[in-house]
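Listed below are the residues making up each chain.
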Amino acid sequence: MTMEEVMRIAAVCVIGAVGAVFLKRTSPEIGLLLVLAICAAAAAALLGPAAEVLDLLRQMMIWSGMSEEIFVPLLKTLGIALICRVSTELCRDAGQSAMATLVEMGGALGAVLVAVPLLRAVWETLQSLI
């Protein structure tokens, strides 16, 4: 991803945010739809670079000899955190703070559930030392 692409995404988001503010006065629903559409477009633009980072992380896992049992839960937890962050902010922008809180709680629970294999591996290691 180049600096120009980042600037383009930032510009689209800022212009969309300004447009949403103006639309919010007359038609809050359309303003929210505009924000959702821009977020979807920005997320789609980030998929390519995210795949590159994921490939690099996989190569680092192979080079370091880290097992997939450790690596995959870490990646899943990162994905959960990013998705929950964006979803929470969209809910708050829509004036739905209760939903935003539930998304946060769901993300925390999801992260813990993804970490269960790691916790089991640590527990088994500790038991083998006893």
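See above for the structure.
Definitions and limits used
Residues numbered from 1 in each chain as written. Predicted model: local features only at pLDDT ≥ 70, side-chain atom pairs only at ≥ 80, totals over all residues. Heavy atoms only, no water. Helix = DSSP H or I, 4+ residues; strand = E, 2+ residues; numbered from the N terminus. 1 Å grid on protein atoms, 1.4 Å probe; cavity = no way out; pocket = protein on both sides within 12 Å on 5 of 7 lines; lining within 4 Å. Points joined across faces, edges and corners; volume = space filled by probe spheres on them. Nonpolar A, V, L, I, M, F, W, Y, C, P; charged D, E, K, R; others polar. Salt bridge = Lys/Arg side-chain N within 4 Å of Asp/Glu carboxyl O. Buried < 20%, exposed > 50% of the residue type's maximum accessible area, 1.4 Å probe, protein only.

A. Region of the structure containing the environment of Gly79. With respect to the element layout, Gly79 can be found in helix H3 (residues 68-93). Along the backbone, Gly79 and Leu56 are 23 residues apart, and their C-alpha atoms lie at a distance of 16 Å.

B. How the structure looks around the layout of surface pockets. A volume near 1,100 Å³ is recorded for the largest pocket. In terms of lining residues, the largest pocket is bounded by 32 residues, among which Cys39, Ala43, Leu46, Leu82 and Val86 are the most central. Looking at the lining of the largest pocket, the elements that each hand over two or more residues are helix H1 (3-26), helix H2 (28-64) and H3. For the lining of the largest pocket, a count of residues per class yields 24 nonpolar, 4 polar and 4 charged.

C. Seen up close, the pattern of salt bridges. Summed over the entire model, instances satisfying the criterion amount to 2 salt bridges. A salt bridge links Glu89 to Arg92; its shortest N-O distance comes to 3.8 Å. Here the residue Glu89 and the residue Arg92 both occupy positions in helix H3, the gap between them amounting to 3 residues, near one helical turn. With relative accessibility at 33%, the residue Glu89 sits in the partly exposed group. By relative accessible area, which is 35% here, Arg92 ends up partly exposed. Here Glu104 and Arg92 are joined by a salt bridge, their closest N and O atoms 3.2 Å apart. Residue Glu104 is found in helix H4 (residues 97-129), and its partner Arg92 is found in helix H3; the two are separated by 12 residues along the sequence. Using a relative accessible area of 37% as the deciding quantity, one classes Glu104 as partly exposed.

No statement about biological role is implied by the geometric values presented.
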